[in-house]
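So you can see what is in the structure, the chains are spelled out below.
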Amino acid sequence: MTNQKKIAVVTGSNRGLGYAIARKLSQIGIHVVLTSRNQTDGLAVKEQLSSEGLDVNYHTLEVTSDLNVAEFVQWLREAYSRVDILVNNAGINPTTKPEESSLLTVQLETMRSTFDIYFH
């Protein structure tokens, strides 16, 4: 990676929309820092994209942990000194319980934990 490249951080980039965004950004010449809560999944995506010749790095990130976010920001400062693009895609599927599959039937605690992820 050169200092001339833009640097993007994509949270929740180990699957789905975050993965697609990270892949596309790296395909157009942007250095992408992949993040996920699960290190094994995140490193697997890093290896996959790197094997395609894409310029990516990985760091574990749990967006609901103030300590982890602070550690991540410090790592970014030391590794890159800047971030040009942030795609805040981190998210969760709040439940796999069929009885909570609707906003009309979801439990309050499930909604609170989901809200905490998105608005922490």
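Numbers given to residues run from 1 along each chain, matching the order in which its sequence is written. Side-chain atom pairs in this predicted model are given and counted only at pLDDT of 80 or more, local residue features only at pLDDT of at least 70, and totals for whole chains, interfaces and linings cover all residues. With hydrogens and water stripped out, all remaining heavy atoms of the structure feed into the side-chain values.

Draft legend 1. View of the sheet that holds strand β1 (residues 7-10). Paired strands, in this sense, are two strands between which DSSP finds at least two bridges. Strands are runs of DSSP state E lasting at least 2 residues, helices are runs of H or I lasting at least 4, and numbering of each runs from the N terminus. One open sheet accounts for four strands, arranged β3-β2-β1-β4; its pairing is parallel. Either end of the sheet is taken by a strand with one partner, and the two such strands are β3 (56-60) and β4 (85-87). Strand-to-strand twist of the sheet, defined as the mean angle between neighbouring strand axes without regard to direction, takes the value 20 degrees. With five bridges connecting them, strand β2 (residues 31-36) and β3 associate as parallel partners. By the bridge assignment, Val32 is partnered in β3 with Val56. Two residues qualify as a contact provided that any one of their heavy atoms is within 4.5 Å of a heavy atom in the partner residue. Throughout, an axis means a line fitted to C-alpha atoms (over the contacting stretch in the case of helices), and angles, computed between N-to-C directions, take values from 0 to 180 degrees. The strands that helix α1 (residues 16-27) touches are β1, β2, β3 and β4; relative to β1, the one it contacts most, it runs at about 170 degrees.

Draft legend 2. Focus on the environment of Leu34. Structurally, the position occupied by Leu34 is in strand β2. Sequence spacing of Leu34 and Glu47 is 13 residues, and the spatial spacing of their C-alpha atoms is 11 Å. Not counting the four nearest positions on each side in its chain, Leu34 is found in contact with Val10, Ser13, Ala22, Val45, Lys46, Leu49, Val56, Asn57, Tyr58 and His59.

Draft legend 3. Structural view of the nonpolar core. Membership of the largest hydrophobic core comes to 14 residues, with the highest contact counts inside it found for Val10, Leu25, Val32, Leu34 and Leu49. Within the residue set of this core, elements represented by two or more residues are β1, α1, β2, α2 (39-51) and β3. Top contributing element to this core by residue count: α1, with three residues. With residues up to four places along the chain from it excluded, the contact list for Val10 reads Gly18, Ile21, Ala22, Leu25, Val32, Val33, Leu34, Thr35 and Val87. Membership of the second largest hydrophobic core comes to nine residues, among which are Ile7, Val9, Leu76 and Ala90. As used here, the term nonpolar core means buried Ala, Val, Leu, Ile, Met, Phe, Trp, Tyr and Cys residues forming a set that is joined through side-chain atoms within 4.5 Å. Working definition: with a 1.4 Å probe on protein chains only, accessible area under 20% of the residue-type maximum means buried, over 50% means exposed, and in between means partly exposed.

These figures capture arrangement, not role.
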